[in-house]
Amino acid sequence: MIILKIGGSILTKKDAPESEVDSVNLKRIALEIKKSLDNSSKELVIVHGAGSFGHPPAKKYKIGQSFDKDEYPQKRIGFCEIQNAVKKLNMLICEEFISHGLPVIAVPASSFITANSKRITDGNLDIFKKYLSKGFIPIIYGDVVLDEDLEFCVISGDQIIQYLASNLNPSKVVLGTDVDGVYNKNPKTHDDAVFYERFSSIEDLDALEGTTNIDVTGGMVGKIKELLYLADLGIESKIINAEIENNIYKVLENDDVKGTVISRSK
Ligand code: ADP
């Protein structure tokens, strides 16, 4: 089984003032996945980020920070607003995938996952196995969930990847983002950034910069931390550039694609 994450940086226009899908990337990626599945059947789980749909309301309502009792109703409506915003993005993604014949079925984290201090603690994945066994492609995304300690929190697509991969025993974990992989510093702001083909320690980063966009879920550093946790369990993952045409197709076909393998062994 393959777990494929498609970053919010690919599927949404992160800098846009209004939530906007990147429909060119979305269609291209749907077609790449379809082409690979037409070649040979594969068990596939898709995770996507919330991008420009989730981050503005999450920031506005400061979900994930502690608050006074009298703020509860306002936080709760914020939680609803975020859940609805990311659901909208997921609906647009599913609509496109289904129109190309991809049998995606949404399994929103907010409907079955709970957390404690922003870390997923519970979430029964039997439904994933059931849908997979019937040939569906379960699709899950960065979302809000109930938090035992903080009442509410946001969980990133990257944390979901870590949770799914830890529990579903995938043969491959791939994350598509808008850069070729991990560098010693942000390649979008540093021309001299050095690319890593393999990455095994957070200390290999020069500066712990987040992303080009201030991102409530932690951007590249957050991503790497989740993937190093997986590496500790012996599960390798690979970050690739999903903006480059056919990269997603090639990675699904086991062809060589430039990217960074996150693993504890060098
Ligand atoms: P996604 O939405 O695809 O999950 P993010 O936008 O959260 O991805 O993170 C990817 C971004 O992280 C890249 O666009 C890049 O600018 C930024 N970034 C920051 N530091 C690094 C680094 N050391 N190596 C690679 N990318 C980095």
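In this text, all values refer to a predicted model and were calculated from it rather than measured experimentally.

## Some thoughts on the overall build of the protein chain
Across its full length, the protein chain holds eight helices and 12 strands. At 18 Å, the protein chain has a C-alpha radius of gyration in line with the 18 Å of a compact globule built from 266 residues. The principal-axis extent of the C-alpha atoms belonging to the protein chain is close to 55 × 45 × 35 Å. Looking at the protein chain as a whole, 44% of its 266 residues qualify as buried. Sequence-distant contacts, at least 24 apart, represent 73% of the contacts inside the protein chain between residues at least 6 apart.

## Here's the deal with the nonpolar core
Membership of the largest hydrophobic core comes to 68 residues, with the highest contact counts inside it found for Ile46, Val47, Ile63 and Ile155. Tallying contributions element by element places helix H4 (residues 72-99) first for this core, with seven residues. Among residues more than four places away in sequence, those in contact with Ile63 are Ala58, Lys75, Gly78, Phe79, Ile82, Val144, Phe152, Cys153 and Val154.

## Some words on the pairing of strand E1 (residues 2-6)
Looking down a regular strand, the side chains alternate between one sheet face and the other. Burial runs high along E1: four of the five residues are buried. Pairing analysis gives five bridges linking E1 to strand E2 (residues 44-48), with the strands arranged parallel. Bridge pairing in E2 places Ile2 opposite Leu44. Relative to strand E9 (residues 172-177), E1 is paired through five bridges, and the arrangement is parallel. Within E9, the residue paired with Ile6 across the bridge is Gly176.

## Quick word on the packing of helix H3 (residues 51-60) against H4
Contact geometry for H3 and H4: axes closest at 8 Å, N-to-C directions at 175°. By the criterion of interaxial angle, the relationship of H3 to H4 is roughly antiparallel. Judged by residue contacts, Gly51, Phe53, Gly54, Pro57, Ala58 and Lys60 of H3 engage Gly78, Glu81, Ile82, Ala85, Val86, Lys88 and Leu89 from H4.

## Looking at helix H6 (residues 157-168)
With 12 residues, H6 ought to run about 16 Å at 1.5 Å a step, and its terminal C-alpha atoms sit 16 Å apart, in line with that. Within H6, nine of the 12 residues are buried, which leaves it mostly tucked inside the rest of the structure. The complete set of buried residues in H6 reads Gly157, Asp158, Gln159, Ile160, Ile161, Gln162, Tyr163, Leu164 and Ala165.

## Considerations on the pairing of strand E7 (residues 143-147)
Counting buried residues along E7, four of its five residues qualify, which places the element largely inside the surrounding structure. Bridge count for strand E4 (residues 114-116) against E7 is two bridges, and the pairing is parallel. Note on E7: the bridge partner recorded for Thr114 is Leu146. Sheet analysis places E7 next to strand E8 (residues 151-155), joined by five bridges and oriented antiparallel. Residue Leu146 lies in a different strand from E8, and its bridge partner there is Phe152. Counting the residues in the hairpin turn of E7 and E8 gives three residues.

The rules behind each value
Residues numbered from 1 in each chain as written. Predicted model: local features only at pLDDT ≥ 70, side-chain atom pairs only at ≥ 80, totals over all residues. Helix = DSSP H or I, 4+ residues; strand = E, 2+ residues; numbered from the N terminus. Rg over C-alpha atoms; globule rule 2.2 N^0.38 Å. Buried ≥ 20, exposed ≤ 12 C-beta atoms within 10 Å, placed from the backbone. Contact = placed C-beta atoms within 7 Å. Core = buried A, V, L, I, M, F, W, Y, C linked by C-beta atoms within 7 Å. Pairing = 2+ DSSP bridges. Axes fitted to C-alpha atoms, helices over the stretch in contact; angles between N-to-C directions. Parallel < 35°, antiparallel > 145°, perpendicular 65-115°, else oblique. Expected span 1.5 Å × (residues − 1).

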